[in-house]
Amino acid sequence: MATGAHTGTGRSRDSGARDPTTLHWHAHRDGVWPPAWRFGSAVLRATVPTVYRTRVAGRANLPESGGLLVVANHVHDIDPPFLAWAVRPRPLQYVAAAHNFSGPLLGHLIGALGAFPLRTDRPDIASIRHAQRQLELGRTVLIFPEGRPSYGAPIGPFLAGAGLLALARGVRVVPAAITGTDHVVGRLRLPIRRGPVRIAFGASVPVPTTGTRRARATAVLEDARAAVLRLHASIRLDGTGAR
């Protein structure tokens, strides 16, 4: 599984890549293409915990059913496969920048594995509606509200608008922190190093029931960011990969 950088739900920071006119993507009935997802899941089970020495804390905070919005910090382009492994057996869908869907091979591949495009040159209402629909169907959606990978830098501010997805009917908002994926990628941007990678999930963030939509979305996003910061501090690795 692969992803592009600069994921979020609102207008992203400038990625340096222009959005394509044509996107090679279509919505799958199950959110993923089951044969591709099963194959990808088998590859992740065989590699993520052993080859990349990945450990997960807080999986008990993930509900077994119902709409689940995972709100995570973004370290590297390769974060989604690790988080997909961590939320198993639930298939994970995630936002990826539209330029990743400019070519048919990569676009259809990551689309089959759960990615859906977000245009970064303008507000992308279609992407937000797709994510809301998936949540209302009881599926799992991952967002990176920072808008782009930090590549090991401190967690940045969360982009306005990401909290709107938390207002979908019946959704649970679970904060997640990930660290170490920047240690996995080596020469030619290939995942050839052994990590380690650490992931933690926190208790679900309450969604306000009073106030305007904007105020409710802002409040839940602020609470989610505070939770992500606390989780990240609990799993942060030093330069040698040790706690």
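Chemist: Go over the overall build of the protein with me, naming the residues and quoting the values.
Modeler: In terms of helices and strands, the protein carries 5 helices and 7 strands. Along its sequence from the N terminus, the protein presents helices and strands in the succession α-β-β-α-β-α-β-α-β-β-β-α. Here the protein holds 243 residues, and the buried ones make up 53% of them. Within the protein, residue pairs in contact and separated by at least 24 positions form 78% of the contacts whose partners lie at least 6 positions apart. Accessible area of the protein: about 11,300 Å², with a carbon and sulfur share of 55%.

Chemist: Which residues make up the side chain of Asp-79, and what values do they have?
Modeler: Mapped onto the elements of the fold, Asp-79 is located in helix H2 (residues 79-86). Within polar-contact distance, the side chain of Asp-79 engages the side chain of His-74 at 2.8 Å. Reaching out from Asp-79, the side chain makes a polar contact with the side chain of Thr-181 at a distance of 2.6 Å. Excluding residues within four positions of it along the chain, Asp-79 makes contact with Asn-73, His-74, Phe-144, Ile-178 and Thr-181.

Chemist: Would you mind going over the pattern of salt bridges in detail, with residue names and values included?
Modeler: Pairs can form between side chains of opposite charge whenever their charged atoms are close. For the structure shown, the criterion picks out 1 salt bridge. Taking the shortest distance from any N to any O, the salt bridge between Glu-136 and Arg-169 comes out at 3.4 Å. Here Glu-136 is found in helix H4 (residues 125-136), whereas its partner Arg-169 is found in the loop between strand S5 (140-143) and strand S6 (172-179), with 33 residues between them in sequence. You can call Glu-136 partly exposed: its relative accessible area is 33%. Classification of Arg-169 as exposed rests on a relative accessible area of 62%.

Chemist: So what about helix H5 (residues 213-235)? Which residues, and what values?
Modeler: A rise of 1.5 Å per residue sets the reference length of H5, with its 23 residues, at 33 Å; its end C-alpha atoms lie 33 Å apart and thus fit the reference within 8%. All buried positions along H5 are accounted for by Arg-216, Ala-217, Val-220, Leu-221, Ala-224, Ala-227, Val-228, Leu-231, His-232 and Ile-235. In the core, the buried residues of H5 are packed alongside strand S2 (68-72), S6 and strand S7 (197-201).

Chemist: Quick one: what's the story with the nonpolar core, residue by residue and with numbers?
Modeler: Judged by nonpolar contacts, the single largest core of 31 residues is most densely connected at Phe-82, Leu-83, Leu-142, Ile-178, Ile-199 and Phe-201. Sorting the residues of this core by element identifies S2, H2, strand S3 (92-97), S6 and S7 as the ones contributing at least two each. With 5 residues, H2 is the single largest residue contributor to this core. If we skip the residues at most four places from it in the chain, Leu-83 touches Ala-72, Leu-92, Leu-142, Phe-144, Ile-178, Ile-199 and Phe-201. Membership of the second largest hydrophobic core comes to 23 residues, among which are Leu-69, Ile-128, Val-171 and Val-173.

Chemist: Tell me about helix H1 (residues 34-47), and please be specific about residues and values.
Modeler: In a regular helix each residue adds 1.5 Å, so 14 residues correspond to 20 Å; H1 covers 20 Å between its end C-alpha atoms and thus fits that length. For H1, every residue scored as buried is listed here: Ala-36, Trp-37, Gly-40, Ser-41 and Leu-44. Buried positions in H1, seen along its axis, are confined to an arc of 130° and lie on one side of it. Those residues of H1 that are exposed and aimed more than 90 degrees away from the buried face are Arg-38, Phe-39 and Ala-46. Where H1 is buried, its residues meet H2, S3 and helix H3 (104-112).

Chemist: Give me the pairing of strand S4 (residues 115-118): which residues, what numbers.
Modeler: Two faces make up the sheet, and in a regular strand the side chains alternate between them. Across the two faces of S4 the burial is the same, with Ala-115 and Pro-117 and Phe-116 and Leu-118 all buried. The pairing of S3 with S4 spans 4 bridges and is classified as parallel. Bridging from a neighbouring strand, Tyr-94 pairs with Ala-115 of S4. Handedness of the crossover joining S3 and S4 through H3 is recorded here as right-handed.

Chemist: Got a sec to walk through unusual backbone geometry? Specific residues and values, please.
Modeler: Look at the link from Arg-88 to Pro-89: it is a cis peptide, with omega at 10°. The linkage connecting Gly-195 with the following residue, Pro-196, adopts the cis geometry, with an omega of 5°. Assignment of secondary structure puts Pro-196 in the loop between S6 and S7. Positive phi, normally seen in glycine, also occurs at Arg-53, with a value near 50°. On the accessibility criterion, Arg-53 (35% relative accessible area) is partly exposed. Positive phi values are uncommon outside glycine, yet Tyr-151 reaches one of about 55°. Inspection of the secondary structure puts Tyr-151 in the loop between S5 and S6.

Reading guide: rules and limits
- Residues numbered from 1 in each chain as written.
- Predicted model: local features only at pLDDT ≥ 70, side-chain atom pairs only at ≥ 80, totals over all residues.
- Heavy atoms only, no water.
- Helix = DSSP H or I, 4+ residues; strand = E, 2+ residues; numbered from the N terminus.
- Buried < 20%, exposed > 50% of the residue type's maximum accessible area, 1.4 Å probe, protein only.
- Contact = heavy atoms within 4.5 Å.
- Areas by Shrake-Rupley, 256 points an atom, 1.4 Å probe, with all protein chains shown as cover.
- Polar contact = N/O pair within 3.5 Å; in protein donor to acceptor, adjacent residues only side chain to side chain.
- Salt bridge = Lys/Arg side-chain N within 4 Å of Asp/Glu carboxyl O.
- Expected span 1.5 Å × (residues − 1).
- Core = buried A, V, L, I, M, F, W, Y, C linked by side-chain atoms within 4.5 Å.
- Arc of directions from axis to C-beta.
- Pairing = 2+ DSSP bridges.
- Right-handed = clockwise from strand over helix to strand, strands pointing away.

By themselves, these are just geometric observations and shouldn't be taken as functional.
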